[in-house]
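For reference, the chains in residue letters:
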There are 2 protein chains.
Amino acid sequence: MKTPAAYNLLKAPSRAPGGVEKEDTESELERIREDLGELQYRLYAENRRSVLVVLQGMDASGKDGLIRRVFSGINPQGVQVHAFKEPTEEELAHDFLWRVHHHTPRTGMIHVFNRSHYEDVLITRVLGLIDEKEAKHRFEAINAFENLLQQAGTTVLKFYLHVSEKEQRERLTERVHDPTKQWKYEAGDEDKAKQWPEYRDVYEDVFRHCSPKSCPWTIVPSDQNWYKAYVVAKTLCQTLQDMDPRFPPTKAEKHKPE
Amino acid sequence: MKTPAAYNLLKAPSRAPGGVEKEDTESELERIREDLGELQYRLYAENRRSVLVVLQGMDASGKDGLIRRVFSGINPQGVQVHAFKEPTEEELAHDFLWRVHHHTPRTGMIHVFNRSHYEDVLITRVLGLIDEKEAKHRFEAINAFENLLQQAGTTVLKFYLHVSEKEQRERLTERVHDPTKQWKYEAGDEDKAKQWPEYRDVYEDVFRHCSPKSCPWTIVPSDQNWYKAYVVAKTLCQTLQDMDPRFPPTKAEKHKPE
């Protein structure tokens, strides 16, 4: 299966298009965040639909920073972030979607997955923990799972934070030297940079198999943190505007005699 | 789509075949239960696979009694029963598989669903809560879900406890008069008996759409409680024998140098 051009990570831009200025984009982001706050409030009040934001990206692509930039300031009562780490013994004793299904949003909520069920067809393949056949089964299971969620009123937005091989290497090196970033350093980070091409392969395979029209991936140029946050916030805001959540009638109106 | 003969509830036997005697069958059940205890212990020790028993049947088909007859005496540490009642507000705020997925068995366990995700394509259709299109989506979601479980090492056994229209009517009437059964009586039980043909229709539709070769339904003749328990126990026992769970090597052996 050929990779659609949009999903070719060697060609996909990892930086903002020419002419897009940092300062303008940051003020624009500020404005979008205000809209997001308003839209989230209406979604919560309406209590009929929900949104799931799936964030994936290689190490040092800046998932944590993105969440901070986009969601700070939104009422946390309506937003929940779940970071999926290495699975526990209990989680491994179930099918791979069990732990993520439990954390899908109820009506009215926006949930953010910091890493997700996609790890089970990414790192597992790079480490050789699953074979091609199992990967295929999992792609199908993921498509059915996301379809189930969407049928139930959950809009699923999938973002891949795309950093170039060079940018990733610089960020991982920075973790060694910058005292404010050293806490993120893990043994083996140097090796991770060398795995960029391997991760590119398995990510592109995900994009090929898990991008139905109803649930595509957005490849986010992520070498610059300001631009990445803008793209994600803008996409989420547009989605919520299209969903157009409405304040429900008062209970008094609901129970009014005909 | 034509109903396969085995799934035609007007023709499927609801009683034991001629010549099968109650007394013999009950001693045989006793023997099977001993085997079940031993097999469950091996499944638990092996801790690699699991079994999910899905029990469906019309009202008064005797699901509770069946669970008591088949599973009493098995170590409850390795068996969990989940009865799914009318969904809560929280459960309804998620997709219909959310609440059942949470209760699927981990490795080593046997879980029994007393009613299940199938209610969402049964009573919901009889009450007109979902349309044909939604029912189709749910059939597909159910097939994908059961496939996900089976791929992860969970054998899914689905039993339909088949009582005849006449037997159901008698049992529901008994609830009114028998002081040991009155606690089961619910307002409207009389009407439920009248719905036998409607439930037959939606059950047959389930059998048509959710019976892949890898995960068929067993239609259990259930007018006689002794025979019904025997059929379910026997099928479960045969399944576990085929799975052939093995005691794992001791940890000492595992860590032995090559």
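Computed from a prediction, not measured in an experiment: that's the story for all the values here. (Residues numbered from 1 in each chain as written. Chains lettered and ligands numbered in written order. Predicted model: local features only at pLDDT ≥ 70, side-chain atom pairs only at ≥ 80, totals over all residues. Heavy atoms only, no water.)

## Topic: the packing of helix 1 (residues 22–46) of chain B against helix 10 (residues 225–243) of chain B
Residue and element names in this part refer to chain B.
Part 1 of the argument: Closest axis-to-axis distance for the helix 1/helix 10 pair is 9 Å, and the angle between their directions is 35°. Of the two possible hands of crossing, helix 1 and helix 10 adopt the one that is left-handed. Contacts between helix 1 and helix 10 involve Lys 22, Thr 25, Glu 26, Glu 28, Leu 29, Ile 32, Asp 35, Leu 36, Leu 39 and Leu 43 on the former and, on the latter, Trp 226, Ala 229, Tyr 230, Ala 233, Lys 234, Leu 236, Cys 237, Leu 240, Gln 241 and Met 243.
Part 2 of the argument: Residues belonging to the contact of helix 1 with helix 10 are distributed by class as follows: 13 nonpolar, 2 polar and 5 charged. (Axes fitted to C-alpha atoms, helices over the stretch in contact; angles between N-to-C directions. Helix = DSSP H or I, 4+ residues; strand = E, 2+ residues; numbered from the N terminus. Left-handed = near helix turned anticlockwise from the far one by under 90°. Contact = heavy atoms within 4.5 Å. Nonpolar A, V, L, I, M, F, W, Y, C, P; charged D, E, K, R; others polar.)

## Comments concerning the pattern of salt bridges
Part 1 of the argument: Per the counting criterion, the structure on display carries 44 salt bridges over all chains.
Part 2 of the argument: In this structure, Glu 134 of chain B engages Arg 138 of chain B in a salt bridge whose closest nitrogen and oxygen atoms are separated by 2.8 Å. A residue pair is termed a helical-turn pair when its members lie 3 or 4 positions apart in one helix, as Glu 134 of chain B and Arg 138 of chain B do in helix 6 (residues 132–151) at 4 residues.
Part 3 of the argument: On the basis of relative accessible area, Glu 134 of chain B is assigned to the partly exposed category, the value being 21%.
Part 4 of the argument: As a salt-bridge pair, Arg 200 of chain B and Glu 204 of chain B come within 3.8 Å of each other at their nearest N and O atoms. Of this pair, Arg 200 of chain B and Glu 204 of chain B both sit in helix 9 (residues 196–209), 4 residues apart, which is roughly one turn of the helix.
Part 5 of the argument: Take Glu 204 of chain B: its relative accessible area is 7%, and that puts it in the buried class.
Part 6 of the argument: Overlapping salt bridges bring together Arg 125, Glu 132, Asp 205 and Arg 208 of chain A as one network. (Salt bridge = Lys/Arg side-chain N within 4 Å of Asp/Glu carboxyl O. Buried < 20%, exposed > 50% of the residue type's maximum accessible area, 1.4 Å probe, protein only.)

## Observations regarding the interface of chain B and chain A
Part 1 of the argument: On the side of chain A, 23 residues touch chain B, which itself brings 23 residues to the contact.
Part 2 of the argument: With both sides pooled, the region where chain B packs onto chain A buries about 2,000 Å², and carbon together with sulfur makes up 54% of that total.
Part 3 of the argument: Counting across the chain B and chain A interface gives 4 salt bridges.
Part 4 of the argument: In this structure, the salt-bridge partner of Arg 106 of chain A is Glu 90 of chain B, at a minimum N-O distance of 3.1 Å.
Part 5 of the argument: At the surface where chain B touches chain A, the tally comes to 20 residue pairs in polar contact (both at pLDDT 80 or more).
Part 6 of the argument: The biggest single contributor to the side of chain B that touches chain A is helix 6 of chain B, with 7 residues.
Part 7 of the argument: Considered class by class, the residues forming the side of chain B that touches chain A number 10 nonpolar, 8 polar and 5 charged. (Buried area = accessible area lost by both parts, 1.4 Å probe. Polar contact = N/O pair within 3.5 Å; in protein donor to acceptor, adjacent residues only side chain to side chain.)

## So, the environment of Phe 84 of chain B
Residue and element names in this part refer to chain B.
Part 1 of the argument: Inspection of the secondary structure puts Phe 84 in the loop between strand 2 (79–83) and helix 3 (89–92).
Part 2 of the argument: In this structure the C-alpha to C-alpha distance between Phe 84 and Leu 161, which are 77 residues apart in sequence, comes to 16 Å.
Part 3 of the argument: Excluding residues that lie within four positions of it along the chain, Phe 84 makes contacts with Arg 99, Val 100, His 103, Phe 113, Asn 114, Arg 115 and Ser 116.

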